[in-house]
Amino acid sequence: MNPISVTVWALESHCFLVYSVLAAVFIVFTVFHRNRLQVLENRIGDIKKVPNVYSARKDREGPDDEDDPDYLISAIPEDTLHIPYKPLRRSTEEVIQRSREYYDLMATRRTVRSFSTEPIPPEVLENIIKTAGTSPSGAHTEPWTFVVVQDPNVKEAIRNIVEEEEDLNYARRMSRQWVADLKPFATNASKPYLCDAPALILVFRQTHSMREDGKKRMHYYNEISVAIAAGILLTAVQYCGLVALTSTPLNCNARLRDLLSRPSNERLELLLPIGRPHPDATVPDLERKRLDRIMIKV
Ligand SMILES: Cc1cc2nc3c(=O)[nH]c(=O)nc-3n(C[C@H](O)[C@H](O)[C@H](O)COP(=O)(O)O)c2cc1C
């Protein structure tokens, strides 16, 4: 007997039995699969409930033990008064005129690498630092320290450290492409301006600070806050008719921080010699990108 004949015979003589067996198999199969699907759904639910530790940490920028209720007290008083803000209202013509004048002033700013030794009045230094201190900062954390060095011995010590490190930077640490890209600026490891300039302003970035209650105070967005403050400082230098050299001495942070007795929560971001240009100072004849290459109107 072939399989087809067997099937036909079974269906004809045991019809009820065959259909009962098929129905039972179907029910068992359905129940089994429903249970498996449920287990799978529960597992996916559990996975969703587990927080993504990496992304949560990255976005939060908060202290480690945030469960401590003391951290929920804001660093500056929560009931800080909100006061009216009514700066002098200028006419549209005046606003246009001032925007032109300010552009004209800033367009003459240049990085100068050769300084006159003529001193700067102390009040000027205080005013430009005060101006930098008006900068916005993440949650008003003001994460900056400006160390103003005028003492010739300290300037010389700074120069020695920077020149030692720059020797290594040019020889080993900077890529050949980097050294090639610096050629138009005629820079090298020798930094006489660190002694010639009447003042050096070292801009330190505070990664965090300590609250009065001894807890760590987070300095949100401290990098961009310090960068903005340094920009405002440079515009203040330009406005009062002095010049600066924006420099970032590579690998000098730890040694200069120790020399100037700055705490470990501070990182050196910029070293700015400030003063008047040497009468023979020259600057590379650089072109700036045109407006249509830096401004996109939407
Ligand atoms: C973040 C930053 C780091 C810089 N570092 C150095 C530096 O270490 N040494 C230096 O001679 N110039 C340095 N410069 C100056 C640039 O070379 C200069 O701004 C650029 O060539 C444009 O010239 P300008 O400032 O005269 O417009 C730096 C500028 C910036 C903004």
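Every value quoted in this text rests on a predicted model; they were computed, and no experiment measured them.

## Regarding the overall build of the chain
Point 1. Counting its secondary structure elements, the chain contains 11 helices and 6 strands.
Point 2. Within the span of the chain, comprising 298 residues, buried residues form 17% of the whole.

## Some words on helix α6 (residues 152–173)
Point 1. Buried residues of α6: Lys-155, Ile-158, Val-162 and Glu-166, and no others. Angularly, the buried residues of α6 cover 65° about the axis, an arc narrow enough to put them on a single face. Seen from the open side of α6, the exposed residues pointing more than 90 degrees away from its buried face are Asn-153, Glu-156, Ala-171 and Arg-172.
Point 2. Contacts from the buried residues of α6 go to β1 (144–149), α8 (193–196), β2 (199–206) and α10 (253–259).

## A short note on the nonpolar core
Point 1. One finds Leu-200, Leu-202, Val-203, Val-237, Leu-272 and Ile-274 to be the most contacted residues of the largest nonpolar core, which totals 36 residues.
Point 2. Secondary structure elements with two or more residues in this core: α5 (122–132), β1, α6, α8, β2, α9 (222–239), β5 (243–244) and β6 (266–275).
Point 3. Here Val-203 is in contact with Trp-144, Phe-146, Val-226, Ala-230, Glu-269, Leu-270 and Leu-272, once residues within four sequence places are set aside.

## Focus on the UniProt feature "transmembrane region" (unreviewed entry) in the chain
Point 1. With numbering aligned to this structure, UniProt lists the feature "transmembrane region" (unreviewed entry) at residues 16–33 and 220–245.
Point 2. Secondary structure within residues 220–245 divides into 69% helix and 8% strand; the distance between the first and last C-alpha atoms comes to 28 Å.

## Regarding the sheet that holds β1
Point 1. The antiparallel open sheet is built from 4 strands, whose spatial order is β1-β2-β6-β5. Every interior strand has two partners, whereas the edge strands, β1 and β5, have only one.
Point 2. By the bridge criterion, 2 bridges tie β5 to β6 in an arrangement that is antiparallel. By the bridge assignment, Val-243 is partnered in β6 with Gly-275.

## Let's talk about the pairing of β2
Point 1. Within β2, 8 of the 8 residues are buried, which leaves the element mostly enclosed by the surrounding structure.
Point 2. Here β2 shows a buried face lined by Ala-199, Ile-201, Val-203 and Arg-205 and a second buried face lined by Leu-200, Leu-202, Phe-204 and Gln-206.
Point 3. In this structure, β1 lies alongside β2, joined through 6 bridges in antiparallel fashion. Each bridged residue has a counterpart across the sheet, and for Trp-144 the counterpart in β2 is Arg-205.
Point 4. Sheet topology note: the β2/β6 ladder contains 8 bridges and is antiparallel. Each bridged residue has a counterpart across the sheet, and for Val-203 the counterpart in β6 is Leu-270.

## Let's talk about the environment of Thr-134
Point 1. Structurally, the position occupied by Thr-134 is in the loop between α5 and β1.
Point 2. For the pair Thr-134 and Ala-229, spaced 95 residues apart in sequence, the C-alpha separation works out to 7.7 Å.

## Considerations on the site of the ligand
Point 1. Near the ligand you find Arg-110, Thr-111, Arg-113, Phe-185, Thr-187, Thr-246, Ser-247, Thr-248, Val-283 and Leu-286, and these make up its full shell.
Point 2. Partitioning the shell around the ligand into residue classes produces 3 nonpolar, 5 polar and 2 charged.

## Here we look at the packing of α5 against α9
Point 1. Two numbers describe how α5 lies on α9: the axes approach to 8 Å, and their chain directions differ by 145°. For the pair α5 and α9, the sense of crossing is right-handed. Together, Ile-128, Thr-131 and Ala-132 of α5 and Ala-229, Ile-232, Leu-233, Ala-236 and Val-237 of α9 make up the contact between the two elements.

## Describing α9
Point 1. For α9, which comprises 18 residues, the first-to-last C-alpha distance of 26 Å matches the rise-based estimate of 26 Å (1.5 Å per residue) to within 8%.
Point 2. Listed as buried for α9 are Asn-222, Ser-225, Val-226, Ala-229, Ala-230, Leu-233, Leu-234 and Val-237.
Point 3. Positive phi appears at Gly-241, one or two residues downstream of α9, with a value of about 95°.

## Comments concerning unusual backbone geometry
Point 1. Residues other than glycine seldom take positive phi values, yet Ala-186 does so here, at roughly 50°.
Point 2. Secondary-structure assignment places Ala-186 in the loop between α7 (176–182) and α8.
Point 3. For Ala-186, a count of 9 C-beta atoms within 10 Å translates into the label exposed.
Point 4. Phi angles above zero are rare outside glycine, and Asn-251 is one such case at about 70°.
Point 5. We classify Asn-251 as partly exposed; it has 14 C-beta atoms within 10 Å.

The rules we used
- Residues numbered from 1 in each chain as written.
- Predicted model: local features only at pLDDT ≥ 70, side-chain atom pairs only at ≥ 80, totals over all residues.
- Helix = DSSP H or I, 4+ residues; strand = E, 2+ residues; numbered from the N terminus.
- Buried ≥ 20, exposed ≤ 12 C-beta atoms within 10 Å, placed from the backbone.
- Arc of directions from axis to C-beta.
- Contact = placed C-beta atoms within 7 Å.
- Core = buried A, V, L, I, M, F, W, Y, C linked by C-beta atoms within 7 Å.
- UniProt positions renumbered as here; feature names shortened; annotations may be inferred.
- Pairing = 2+ DSSP bridges.
- Near = placed C-beta within 6 Å.
- Nonpolar A, V, L, I, M, F, W, Y, C, P; charged D, E, K, R; others polar.
- Axes fitted to C-alpha atoms, helices over the stretch in contact; angles between N-to-C directions.
- Left-handed = near helix turned anticlockwise from the far one by under 90°.
- Expected span 1.5 Å × (residues − 1).

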